[in-house]
Amino acid sequence: MYEVRTMGGKGLGLVATCNIPKGARIISETAIFEMPRNSINPTTVHKWILKCLEKLDDEKRKAFYDLHNAHGGEVETALGIARTNALPLGSNATEGGLFLGASRINHSCCHNAQNTWNANLNQLTIHAFKDIKEGEEICISYLDGSEDYQTRQRDLQARFCFSCTCDLCSLSPSKRQRSDKRLNEITRLDEIIGDGMSIVTTPIACLYHARRVLELLKEEQIEDARIPRLYYDAFQIAIANGDEARAKVFTERAYATRVILEGEDSPEAVD
Ligand SMILES: C[S@@+](CC[C@H](N)C(=O)[O-])C[C@H]1O[C@@H](n2cnc3c(N)ncnc32)[C@H](O)[C@@H]1O
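Residues numbered from 1 in each chain as written. Predicted model: local features only at pLDDT ≥ 70, side-chain atom pairs only at ≥ 80, totals over all residues.

For the rest of this paragraph, the subject is helix α7 (residues 203–219). Across its 17 residues, α7 extends 24 Å between first and last C-alpha, which sits within 8% of the 24 Å expected from 1.5 Å per residue. The set of residues buried in α7 consists of C206, L207, H209, A210 and V213. Buried residues of α7 fall within an arc of 160° about the axis and therefore sit on the same side. When the buried face of α7 is taken as reference, the exposed residues oriented beyond 90 degrees from it are I204, Y208, E215, K218 and E219. Elements in contact with the buried residues of α7: α5 (173–194), α6 (196–201) and α8 (226–240). (Helix = DSSP H or I, 4+ residues; strand = E, 2+ residues; numbered from the N terminus. Expected span 1.5 Å × (residues − 1). Buried ≥ 20, exposed ≤ 12 C-beta atoms within 10 Å, placed from the backbone. Arc of directions from axis to C-beta. Contact = placed C-beta atoms within 7 Å.)

This is the structure:
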């Protein structure tokens, strides 16, 4: 479905070699090793990585050292490579995994693919959540939420040492301002919906917020994991308030959108 090519200014990247339909699984890959992701002493993490590398065969160890290192000079080589390439093993996971294939996927703030840790398969999956045309680059997002332009640039620079020039980051100042306003509003409403209390005390307002977030995501052409999460929130609001009919509709939508992003075998879809 893809090949690894040199992408001017971005190093290597994945390009679709055929039309990839929305929902297709592009990659399913086992980690060469797992490592702690956050806030642990760098020396400890470095030692951990070296131990993991010792256990690999020569070919995999060489392939690891061939991966991009965005932190060269700042930290030990193996740690720099691991920090540049580790992908999370679940949302909010404290563990990351090193994947030789998926590590070549570049970032876009208007990405077309989703990386997910599938604990049922014990593999990382990459799914197209938009139709991807032959010749188009396959991109994921390295970021978690709906950050505005400045926050995205700051985080990408700090964690991956590049300035993003994707279509979203290249909008004219006025269009970017409108996009930032929508993204900040998504974050604000998401926080209200995510607060367990407001689901019980102001359920109708929460449902309106959820609908508004969906509209905003659509305007921003975002079709990632935020959509099933939102339908799941709406399901919980309906259940908490005894509205079984709406709960059924929301759960069906949460399932359908989750399957596109992760496949029927994903634990989130199965649950
Ligand atoms: C996980 S690697 C991705 C694959 C990498 N391009 C390679 O050659 O192996 C992450 C690094 O790729 C580059 N990169 C990823 N997305 C980019 C983008 N949108 N613009 C510029 N560089 C990008 C940055 O150097 C980043 O630190």
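Okay, the site of the ligand next. Taken together, the neighbourhood of the ligand is formed by 20 residues, with G11, L12, H68, A70 and N106 sitting nearest. Counting only elements with at least two residues in the shell around the ligand, the list comes to β2 (11–16), α3 (77–85) and β7 (106–107). The element that contributes the greatest number of residues to the shell around the ligand is β2, accounting for three residues. Among the residues making up the shell around the ligand, the classes are represented as eight nonpolar, ten polar and two charged. (Near = placed C-beta within 6 Å. Nonpolar A, V, L, I, M, F, W, Y, C, P; charged D, E, K, R; others polar.)

Without other data, these values stay purely geometric and don't point to any function.
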